[in-house]
Structures are given as C-alpha cells and as structure tokens.
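What follows is the residue order along each chain.
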Amino acid sequence: MTTRAVVEGVGHYLPERVVPNSEFEATLDTSDEWIRARSGIERRHFAAEGETTSDLAAAAARAALQDAGLAASDLDAIIVATSTPDLTFPSVATMVQEQLGMTQGFAFDIQAVCAGFVYALANANALIVSGQARRVMVIGAETFSRIMDWTDRSTCVLFGDGAGALILNAAEGDGSGADRGILSTDLHSDGRFRDLLYVDGGVSKTGTTGHLRMMGKEVFRHAVEKLAETAHTALEKAGLSGADVDWIVPHQANIRIITATAKKMGLPMDRVVLTVADHGNTSAASIPLALSVGCQRGQIKTGQLVVIEAIGGGLAWGSVVLRW
Ligand code: UT7
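Residues numbered from 1 in each chain as written. Predicted model: local features only at pLDDT ≥ 70, side-chain atom pairs only at ≥ 80, totals over all residues. Heavy atoms only, no water.

Moving on: the sheet that holds strand β1 (residues 2-13). Taken together, 5 strands build an open sheet; the order of strands is β1-β7-β6-β4-β5 and the sheet is mixed. One side of each edge strand has no neighbouring strand; the edge strands of this open sheet are β1 and β5 (106-110). Taking the axes of each pair of neighbouring strands and ignoring which way they run, one obtains an average angle of 20° across the sheet. Direction of pairing for strand β4 (residues 77-81) relative to strand β6 (residues 135-143): parallel, over a ladder of 5 bridges. The partner of Ile 78 across the bridge, within β6, is Met 137. Along the sheet, helix α2 (residues 53-68) makes contact with β1, β6 and β7 (161-173), crossing β1 at roughly 120°. (Pairing = 2+ DSSP bridges. Helix = DSSP H or I, 4+ residues; strand = E, 2+ residues; numbered from the N terminus. Axes fitted to C-alpha atoms, helices over the stretch in contact; angles between N-to-C directions. Contact = heavy atoms within 4.5 Å.)

This is the structure:
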C-alpha cells in the first residue's frame, strides 16, 4: 500500500472589480489589440482598496471546504503560496487560519513566485506521504496589483489578483499510476537568473515594497524550454507519458507560452485548461484558479490525469502529476 495525497475539494475567489484591456489605453501607450495578441489576456480582476491577499485566500478556502463538505476543524494544516503577503509577517496562512476559526494544526507560507503553487503542492504531498499531516489545505493567493509600476506598459497590463484552494487528504493507493492523488512532483530553481524577474524593493534591502520588474522576452524563452522538460520528467517519474494526459493545467502567464509548451508535449490545445484571457497572470494563484474553474466548467473529472506546470521569478519552476 502507498499513501497518496488525494484531492477532496477545490474552490476559488476573484475580486469583484474586472479591468478590461481598454482601461489601460487611457494612461499608457498600449492597446487592447497588442495585449491580446502578445499575451492572450483580455481582462483581469483587481482587489478593492483594503481587500488583502488573506481575504482572497480565506474566501477561496471557504469555497474549497464547501466543495469538500468539510469544516475548518477537519484540517491539519494550511499552506499558502504567495509573493504578495498582507504583511512581512505573520504568514498569510496563519491569517487564513484565524479567518476560518481554525485553532488546531499549523499554517505557513511558501514563496516561489509563479511556481509557488507547484512548490506548495509538492510540500503538502511530502507532509501527507511522511505522515506528518493527513488533510492539508493548499492555497495560491496574490494581489499583484499592489506591486505594479503603472507607468511600465511591459508589465502592468499582464498581472491580476485572485486566489484558488485545494484540499488534499491521505488515502491508500496501490502505488501505480492508476491511483488517485499526487503521483509525482518535479521542482527546480536557478538563482543565476534572479535578475530576469524580480521586485525592486523589500524588507532587508530597501525597506520598501518595491515594483515588479521583468525581462519578458528572456523569461519567455526560459519558460518554453523548461516547462515541457519538467512536465516530461514528472510524467516519467510517475511511469506515464503524454498519451496518458487528460488535462494540462499550466501557469496562466501567456497564451503563446502555453501553446508552445502543449505543442512540445505533443498535446492538442483542447486538452489545456485556459483562464488567461479572463484572469491575466495571477502568479501563484493562477493554477488553483484554473483547476477550480476547470472543474466548474465540467472539464476536469474524477479519475482523469492532470499535469500542472509553472515557472516564475528565481527562476523557479516545476510540475506535478496527479490523478483527480
Ligand atoms: O509569470 C511569470 C512568468 N512570466 C512570463 O512568463 C512572461 C513571459 N514573457 C511574456 O509573456 C512576453 O515576453 C511579454 C508579453 C511580456 C512581451 O511580449 P513580447 O512578444 O516578448 O514583446 P517584447 O517584450 O519583445 O516587446 C515588443 C514590443 C516592444 O517595442 P519595440 O522595442 O519592438 O519597439 C515593446 O516596447 O512591444 C512593446 N510593448 C508594448 N506595446 C504596446 C511592450 N509592452 C507593450 C504594451 N503595449 N503593453
């Protein structure tokens, strides 16, 4: 028998305010046409004033608990992947714990920028497989609108706010690729590329929050090369191949990266869950948002094989293979 981390529930939350591409035309030398053509983004959500990452995360967590028919008292742990926490500390995860009224267990944040949810899933899986926790809530939540330089057209039109949550529970499998749950994980980072995507402020360096800076073309090149590779490695680790995949649920940064990765994996676009047009790039929130929306649309079904892949600042990248 093999312990597997199996999905029990999923949910998401998007802030009320929807910002179409056309809104940027008033203040920037840009156009709806350019943003759609170069990124696939049509609109994004922005958090309201006073609405924080922990508020978004807690709303997504409540939706996931409802989906699973569980209470917060049923959870052993909460992991939040975020690069835009409410405060430097305490963690967003403990704030979510408090908002849910959960007083047992433990909660902590993981920061791997856009790869954060992949890293968080891998860590939740390790906690479950090693017997340190049975039921773990994994959340990706971001308010990237708070770290945009609104004069930089090459970045501020790309990002959005949101949160998604997944509940994983320990279950026994037979150790084969037919098991439900997380079947393999593959994580990488390479700090030599730290200057390709970063925030130019922080606690220890400047004492400020800073703004996002990105060398888009360079990140794009790394993304196309590294995402198909990590997905392939994760499938190999699970003893599976591209032919077994029902859904790719990629980080939603750019439709052109998503298309190129699917092509490299030899999979058609009708097997890719897409939310980039409606959400923009929500960093660590983009994959759990896409998983939740994909379930709501009736795309992802119990028993299907899902491959998740993401890359972001660090560079940090990786993938997870799981049977829903
Ligand atoms: O989530 C973490 C991972 N991040 C990513 O995966 C993002 C990866 N990168 C990308 O998605 C793309 O590189 C971008 C969407 C950021 C940019 O697309 P691109 O095709 O690489 O465009 P570019 O940066 O080469 O820019 C082409 C032109 C430039 O003008 P010149 O130098 O050719 O005259 C830019 O100044 O487009 C210009 N440009 C814009 N024009 C209108 C840049 N931003 C805009 C804009 N509106 N918003």
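A few words on the pattern of salt bridges. According to the stated counting rule, one finds 15 salt bridges in the structure shown. Of the charged contacts in the structure, one is a salt bridge between Arg 43 and Asp 278, with a shortest N-O distance of 2.4 Å. With Arg 43 in strand β3 (residues 43-46) and Asp 278 in helix α8 (residues 276-279), this residue pair connects regions lying 235 residues apart in the sequence. Assessed through its relative accessible area of 28%, Arg 43 is described here as partly exposed. Given the relative accessible area of 32%, Asp 278 is considered partly exposed. Its salt-bridge partner being Asp 200, residue Arg 213 comes within 2.9 Å of it at the nearest N-O pair. One end of the pair, Arg 213, is in strand β10 (residues 212-214); the other, Asp 200, is in the loop between β9 (197-199) and β10, and 13 residues separate them in sequence. A network of salt bridges, in which partner residues are shared, links Asp 32, Arg 36, Glu 42, Arg 43 and Asp 278. (Salt bridge = Lys/Arg side-chain N within 4 Å of Asp/Glu carboxyl O. Buried < 20%, exposed > 50% of the residue type's maximum accessible area, 1.4 Å probe, protein only.)

In the vicinity of the ligand, 22 residues are found, and the nearest of them are Thr 30, Arg 38, Lys 217, Asn 254 and Asn 281. Here an oxygen atom of the ligand and a side-chain polar atom of Lys 217 are 2.8 Å apart. Protein contacts shield 74% of the accessible area of the ligand, which totals 950 Å² for the unbound molecule. In this structure the site holding the ligand corresponds to the second largest pocket. Broken down by secondary-structure element, the contributors of at least two residues to the shell around the ligand are α1 (32-39), α5 (153-156), α6 (216-237) and α7 (255-264). With 4 residues, the top contributor of residues to the shell around the ligand is α6. (Near = heavy atom within 4 Å. Polar contact = N/O pair within 3.5 Å; in protein donor to acceptor, adjacent residues only side chain to side chain. Areas by Shrake-Rupley, 256 points an atom, 1.4 Å probe, with all protein chains shown as cover. 1 Å grid on protein atoms, 1.4 Å probe; cavity = no way out; pocket = protein on both sides within 12 Å on 5 of 7 lines; lining within 4 Å. Sits in = over half its atoms within 2 Å of the grid points.)

On domain assignment, one finds that the chain holds domain 1 (2-173) and domain 2 (181-323). Once you take the C-alpha centre of each, domain 1 and domain 2 turn out to be 14 Å apart. The partner domain 2 presents 49 residues to the 51 residues of domain 1 that form the contact. It is Cys 114, Val 118 and Ile 147 in domain 1 that bury the most area against domain 2; as a group they hold 16% of the surface buried on that side. Our count for the contact surface shared by domain 1 and domain 2 stands at 2 salt bridges. Among the salt bridges present, the one from Asp 149 reaches Arg 213, with a minimum N-O distance of 2.9 Å. Counting across the interface, domain 1 meets domain 2 through 16 residue pairs in polar contact (both at pLDDT 80 or more). Elements supplying a minimum of two residues to the side of domain 1 that touches domain 2: β1, α1, β3, α4 (116-129), β6 and β7. Per-element tally for the side of domain 1 that touches domain 2: the top contributor is β1, with 8 residues. (Domains from an automatic or database assignment. Buried area = accessible area lost by both parts, 1.4 Å probe.)

Turning next to the packing of aromatic side chains. If you walk through the whole model with that rule in mind, you get 3 aromatic pairs. An angle of 5° between the planes, with centres 6.3 Å apart, marks the rings of Phe 106 and Phe 108 as stacked. A residue is classified by how much of its surface remains accessible, and Phe 106, at 33% relative accessible area, is partly exposed. Here Phe 144 and Phe 159 contribute two aromatic rings whose centre-to-centre distance is 5.3 Å and whose plane-to-plane angle is 25°, an arrangement assigned as stacked. Linking Phe 144 in the loop between β6 and α5 with Phe 159 in the loop between α5 and β7, this pair joins segments that are 15 residues apart in sequence. Accessibility assignment for this pair places Phe 144 and Phe 159 in one class, buried. Directly above the ring of Trp 317 sits Lys 226, whose terminal nitrogen or CZ lies 5.1 Å from the centroid. (Phe/Tyr/Trp six-rings, centres within 6.5 Å; stacked < 30°, edge-to-face > 60°. Lys NZ or Arg CZ within 6 Å of the ring centre and 35° of its normal.)

The peptide bond linking Phe 89 to Pro 90 adopts the cis configuration, its omega dihedral lying at 5°. Relative to the helices and strands, Pro 90 resides in the loop between β4 and α3 (92-100). Of the consecutive residues Gly 314 and Leu 315, the connecting peptide bond is found in the cis state with omega at -10°. With respect to the element layout, Leu 315 can be found in the loop between β12 (305-312) and β13 (316-323).

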